[in-house]
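# A structural walkthrough
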Amino acid sequence: MKIIAFGGSNSKHSINKKLATYAAGLFENAEVEVLDLNDYAMPLFSVDLEKEIGQHELAKAFLKKMEGADILVISLAENNASYSAAFKNLFDWSSRIVKDVFQQKPMLLLATSPGARGGASVLEIANNALPRYGAQIKGTFSLPAFNANFDLEENKISNAELDKELKDIIKSSF
């Protein structure tokens, strides 16, 4: 089983990438590939630019990664209660090539933030919107107060109750 995981942020120290990596590692007998959105940096999408340069090669490469996955593990960063610009731009370029960006793949949808809501706003938006673009969302999980609930040295959730909640979601949904 092949899992593609990524954090929906272009931060070099993305807490969402850390959460996605941890969650993907909880799947048994899985080959995990963690993507970095910095590898898919493209100019800001516009229809004018698309007419000028056509379909962007990095968007095509991202879609190829989605195609090769059996399961997607995505943890979205929340910027002003919505997607990060980096994720939204990649999503915009990709959806112009293939509407079903996530290609009917089973998805574990996550979010975290330093705050108490743990990216709940972006998680709600994505849970409602991404199925229209081919996401088969099987489970969602929000990790609140990342700095208090994730051990950076151990690279895992340090709050036993929240860790169990995530593991139970994976066990029951996949």
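A brief structural summary. As the structure is a computational prediction, the values presented were derived from the model and not from experiment. (Residues numbered from 1 in each chain as written. Predicted model: local features only at pLDDT ≥ 70, side-chain atom pairs only at ≥ 80, totals over all residues. Heavy atoms only, no water.)

### Overview of the side chain of glutamate 50
Along the chain, glutamate 50 turns up in helix H2 (residues 47–53). Looking at glutamate 50, its side chain comes within polar contact range of the side chain of arginine 96, at 2.7 Å. When neighbours within four sequence positions are excluded, glutamate 50 is seen to be in contact with Phe45, Trp93 and Arg96. (Helix = DSSP H or I, 4+ residues; strand = E, 2+ residues; numbered from the N terminus. Polar contact = N/O pair within 3.5 Å; in protein donor to acceptor, adjacent residues only side chain to side chain. Contact = heavy atoms within 4.5 Å.)

### Section: the sheet that holds strand E5 (residues 135–143)
Strand order in the open sheet formed by five strands is E2-E1-E3-E4-E5, with parallel pairing between adjacent strands. Two strands lie at the open edges of the sheet, namely strand E2 (31–35) and E5, each paired on one side alone. Strand-to-strand twist across the sheet, computed as the mean angle between neighbouring axes with direction ignored, equals 20°. Both strand E3 (residues 71–76) and strand E4 (residues 105–112) contribute to a ladder of five bridges, which runs parallel. When the sheet's bridge partners are listed, leucine 76 is paired in E4 with alanine 111. Packed on one face of the sheet, helix H7 (residues 160–173) meets E4 and E5 and runs near 170° to E5. (Pairing = 2+ DSSP bridges. Axes fitted to C-alpha atoms, helices over the stretch in contact; angles between N-to-C directions.)

### Here we look at the side chain of serine 121
If you trace the backbone, serine 121 turns up in helix H5 (residues 120–129). Serine 121 sits in the buried class, given a relative accessible area of 19%. For serine 121, the contacting residues outside a window of four places in its chain are Glu78 and Ala81. (Buried < 20%, exposed > 50% of the residue type's maximum accessible area, 1.4 Å probe, protein only.)

### As for the environment of serine 84
If you trace the backbone, serine 84 turns up in the loop between E3 and helix H4 (85–97). Among all residues touching serine 84, those that are not within four sequence positions of it are Gly8, Ser9, Ala77 and Asn79. Engagement of the side chain of serine 84 in a polar contact is seen with the backbone nitrogen of phenylalanine 87, the distance being 3.2 Å.

### A closer look at the packing of aromatic side chains
In this structure the tally under the stated criterion is 11 aromatic pairs. Arranged with centres 5.2 Å apart and planes meeting at 75°, the rings of phenylalanine 27 and phenylalanine 174 form a pair that is edge-to-face. Here phenylalanine 174 lies in the segment after H7 and phenylalanine 27 lies in the loop between helix H1 (15–24) and E2, a separation of 147 residues in the sequence. Take phenylalanine 27: its relative accessible area is 9%, and that puts it in the buried class. Note on phenylalanine 174: relative accessible area 33%, which makes it partly exposed. Each ring, one from phenylalanine 45 and one from tryptophan 93, has its centre 5.0 Å from the other, and the planes form 90°; the classification is edge-to-face. Highlighted residues: phenylalanine 45 in the loop between E2 and H2 and tryptophan 93 in helix H4, separated in sequence by 48 residues. Members of the aromatic cluster, joined through ring pairs, are Phe6, Tyr40, Phe62, Tyr83, Phe87, Phe91, Phe102 and Tyr133. Of note, lysine 99 hangs over the ring of tyrosine 133, and the distance from its end group to the ring centre comes to 5.1 Å. (Phe/Tyr/Trp six-rings, centres within 6.5 Å; stacked < 30°, edge-to-face > 60°. Lys NZ or Arg CZ within 6 Å of the ring centre and 35° of its normal.)

### What about unusual backbone geometry?
Excluding glycine, residues mostly have negative phi values, and the peptide bonds linking residues are mostly trans. Positioned with a positive phi, alanine 81 is a non-glycine residue whose angle comes to about 70°. If you trace the backbone, alanine 81 turns up in the loop between E3 and H4. Even without a glycine there, the phi angle at alanine 145 is positive, about 45°. With respect to the helices, strands and loops of the structure, alanine 145 is situated in the loop between E5 and helix H6 (146–149).

### Quick look at the packing of helix H3 (residues 57–67) against H4
Contact geometry of H3 with H4 gives a least axis separation of 9 Å together with a crossing angle of 80°. One element, H3, and the other, H4, form an angle in the roughly perpendicular class. Residue-level contacts link Ala59, Lys60, Phe62 and Leu63 of H3 to Leu90, Trp93, Ser94 and Ile97 of H4. Counted by class, the contact of H3 with H4 contains six nonpolar, one polar and one charged residues. (Parallel < 35°, antiparallel > 145°, perpendicular 65-115°, else oblique. Nonpolar A, V, L, I, M, F, W, Y, C, P; charged D, E, K, R; others polar.)

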